[in-house]
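Listed below are the residues making up each chain.
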Amino acid sequence: MLLYSYQINKFYIIKEPKIAEKPAGLLILKFISKATGQTKRKEDDEMKVGLIGCGGMGTTHNLSLKALSSKMDVEVTALADCRPEFLEKAAEQWPNARLYKTGMELLEAETLDSVHICLPSYLHTEHAVAAMDRGMNVFVEKPVCLTEEEAQKLLDAKERNRVQVMVGQVVRSFDEYRYLKDCYETGRYGELKSITMQRVSGDAAWGFEDWFHKEDRSGSVVLDLHVHDLDFLRYMLGEPDSFDVRATAFSSGMINQIFTTYEFGKVFAVTEGIWDISSALPFEASFHACFEEASIVFRGRDEKPLTVYKNDGTVEYPELEREYDVKDDSAGINVSNLGPYYTEIKYFIECLQNGREVEVAPLEEGIKSVRQGIEEWRRAKEYVNRK
């Protein structure tokens, strides 16, 4: 089933993007929702979206937005990337989009309903703040920031501009993890006793200018990869009562593997996140949740990834209804399943269209997970330095 199409014969590329004149402001009829205080759009308004960063994660967003445009009144009208080849590829999806070399050029020139920031992590804050100061709603990839100073700048900008901000903590939108959270909240298999989570990846060798291996730019494996699992644990269980960290590092001293044990009330959790020394190791996410009456096991690379082992010896394979079940490897990173990205972006668009506050992964939640990650990162460095 083809839900997006390439229009190669129609797209155009500006090798040296220049803005002849500032695009006209959007004439959008809006009203204020009494329930939320948020601006609500009329249903026939087309949402204008900008995409900053057209590399690996930007491609994932671009394909998801294209698929959504066939069902929702949304269009990407501006694209930015400093690499012509990535900009050209992204523009195949949106032949009428205006093109820019940098995100800041896009933000200064455009009038948009929202902007997606899919840049290296160290560039998230400055672009998100600039977008908010231009009155744009923002979808920013995780980790939303890398330092406490950046976190405060983001919170201040959101408060100052009264815009919506969502963070790409995409595990909250994975069907298997949503199933786990539902089992926990409904008590379907009794109380949760313990959970182990793993996020295993080969060395991140695909980053622009090798930014993943520069700790002050990526936050190491802790804030780039492990943050997914610590965020989901917070989402499902709340804040940890205590935690302990063990870690290993590359020869450069950068943390490449972290083990964290947590206690959330009566629930004991163990996580591992690793960038392996080999870039050839395939990516896999997994979890093993032990309830009173069953264990739920997820192995992302299995043909049937989700299994329930009941205490009576029976085994079930839950059939999850996929909202968008499409795989695409063109991003060139360890992501091929577009479904969860489609789901989270659709949710963000619906929040903007209906004047609802973002609740699934708002800025405040993304920052809380970064703050937890920063403390784990600090303890990981201390542990490695003691060895």
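Here, every reference points to the structure presented above.
This report concerns the structure included in the present document. (Residues numbered from 1 in each chain as written. Predicted model: local features only at pLDDT ≥ 70, side-chain atom pairs only at ≥ 80, totals over all residues. Heavy atoms only, no water.)

## A look at the pattern of salt bridges
Short version of the rule: Should a side-chain nitrogen of Lys or Arg be within 4 Å of a carboxyl oxygen of Asp or Glu, the pair is scored as a salt bridge. A run of H or I in DSSP counts as a helix once it spans at least four residues, and a run of E counts as a strand once it spans at least two, with each numbered from the N terminus. Three labels apply to residues, based on accessible area from a 1.4 Å probe with only protein chains included: buried if under 20% of the type maximum, exposed if over 50%, partly exposed otherwise in between.
With the rule as written, the count across this model stands at 26 salt bridges. Where Glu 149 meets Lys 153, a salt bridge forms, and the shortest distance between an N and an O atom there is 3.9 Å. Of this pair, Glu 149 and Lys 153 both sit in helix 5 (residues 148-161), 4 residues apart, which is roughly one turn of that helix. Classification of Lys 153 by relative accessible area gives partly exposed; the value is 45%. Taken together, the shared-partner salt bridges in this structure form one network comprising Arg 172, Asp 231, Arg 234, Glu 239 and Glu 365.

## Remarks on the pairing of strand 9 (residues 192-201)
Worth spelling out the cut-off: At least two DSSP bridges between two strands are needed for those strands to be called paired.
Bridge count between strand 9 and strand 13 (residues 284-291): 8 bridges; the pairing is antiparallel. By the bridge assignment for strand 13, Ile 195 is matched with Ala 289.

## Let's talk about the side chain of Glu 272
Rules: Neither His nor the chain ends is counted toward charge; the positive residues are Lys and Arg and the negative residues Asp and Glu. Whenever two N or O atoms come within 3.5 Å, that pair is a polar contact, provided that in protein one can donate a hydrogen and the other can accept it, and provided that, for residues adjacent in sequence, both atoms are side-chain atoms. The criterion used for residue contact is that any of the two residues' heavy atoms lie within 4.5 Å.
Locating Glu 272 in the fold gives a position in strand 12 (residues 267-275). One buried charged side chain, Glu 272, makes no salt bridge at all; its nearest oppositely charged neighbour is Arg 199, positioned 11 Å away. There is a polar contact of 2.5 Å between the side chain of Glu 272 and the side chain of Gln 198. Discounting residues that sit within four places of it in the chain, Glu 272 has contacts with Met 197, Gln 198, Arg 199, Asp 229, Gln 257, Ile 258 and Phe 259.

## With respect to the pairing of strand 14 (residues 294-299)
Consecutive side chains along a regular strand alternate between the two faces of the sheet. Within strand 14, 5 of the 6 residues are buried, leaving the element largely enclosed by the surrounding structure. Looking at chain direction, strand 13 and strand 14 are connected through 5 bridges and run antiparallel. Looking across to strand 14, one finds that Ala 289 is bridged to Ile 296. Between strand 13 and strand 14, which follow one another and run antiparallel, lie 2 residues. Bridge analysis of strand 14 against strand 15 (residues 306-310) gives 5 bridges, and the strand direction is antiparallel. Across the sheet, the residue bridging to Ser 295 is Tyr 309, located in strand 15.

## Details of the nonpolar core
Spelled out, the test is: Side-chain atoms within 4.5 Å are what join buried Ala, Val, Leu, Ile, Met, Phe, Trp, Tyr and Cys residues into a set we call a nonpolar core.
Formed by 50 residues in total, the largest nonpolar core has its most connected members in Tyr 177, Leu 180 and Ile 296. In terms of residues, this core owes the most to one element, helix 8 (residues 220-237), which gives 10 residues. Apart from the residues within four sequence positions on either side, Leu 180 is in contact with Ile 195, Phe 232, Met 236, Phe 287, Ala 289, Phe 291 and Ile 296. Formed by 33 residues, the second largest nonpolar core is a distinct cluster that contains Val 49, Met 72, Ile 349 and Ala 361.

## Notes on a nonpolar patch on the surface
Our working definition: Without a salt bridge and with relative accessible area above 30%, a residue can belong to a patch; like charges are then joined within 9 Å and nonpolar side chains (Val, Leu, Ile, Met, Phe, Trp, Tyr) within 5 Å. For the area figures, the Shrake-Rupley method with a 1.4 Å probe applies, and any residue is considered shielded solely by the protein chains shown.
Taken together, the side chains of Tyr 309, Val 315 and Tyr 317 make up a nonpolar region of the molecular surface, amounting to roughly 270 Å² of accessible area. You can see Tyr 309 is positioned in strand 15.

## Side note on the packing of aromatic side chains
Let me state the cut-off plainly: The aromatic pairing rule takes the rings of Phe, Tyr and Trp, using the six-membered ring of Trp, and pairs them if the centres are within 6.5 Å, calling planes under 30 degrees apart stacked, those over 60 edge-to-face and the rest tilted. Lysine and arginine charges are scored as sitting over a ring when NZ or CZ, respectively, is within 6 Å of the ring centre and within 35 degrees of the ring normal.
For the coordinates displayed, the defined rule picks out 14 aromatic pairs. Here the aromatic rings of Tyr 177 and Phe 287 are separated by 5.0 Å at their centres, their planes lie at 70 degrees, and the arrangement is edge-to-face. Pair noted here: Tyr 177 is in helix 6 (residues 175-186) and Phe 287 is in strand 13, with a separation of 110 residues, a long-range link. According to the relative accessible area criterion, Tyr 177 is buried, its value standing at 1%. Ring geometry for Tyr 262 against Phe 264: centres 5.6 Å apart, planes inclined by 35 degrees, an arrangement best described as tilted. For Tyr 262, a relative accessible area of 2% gives the class buried. In this structure, Arg 83 packs its charged tip against the face of Phe 86, placed 3.9 Å from the ring centre. A cation over an aromatic ring shows up here: Lys 304 above the ring of Tyr 317, its NZ or CZ 4.7 Å from the ring centre.

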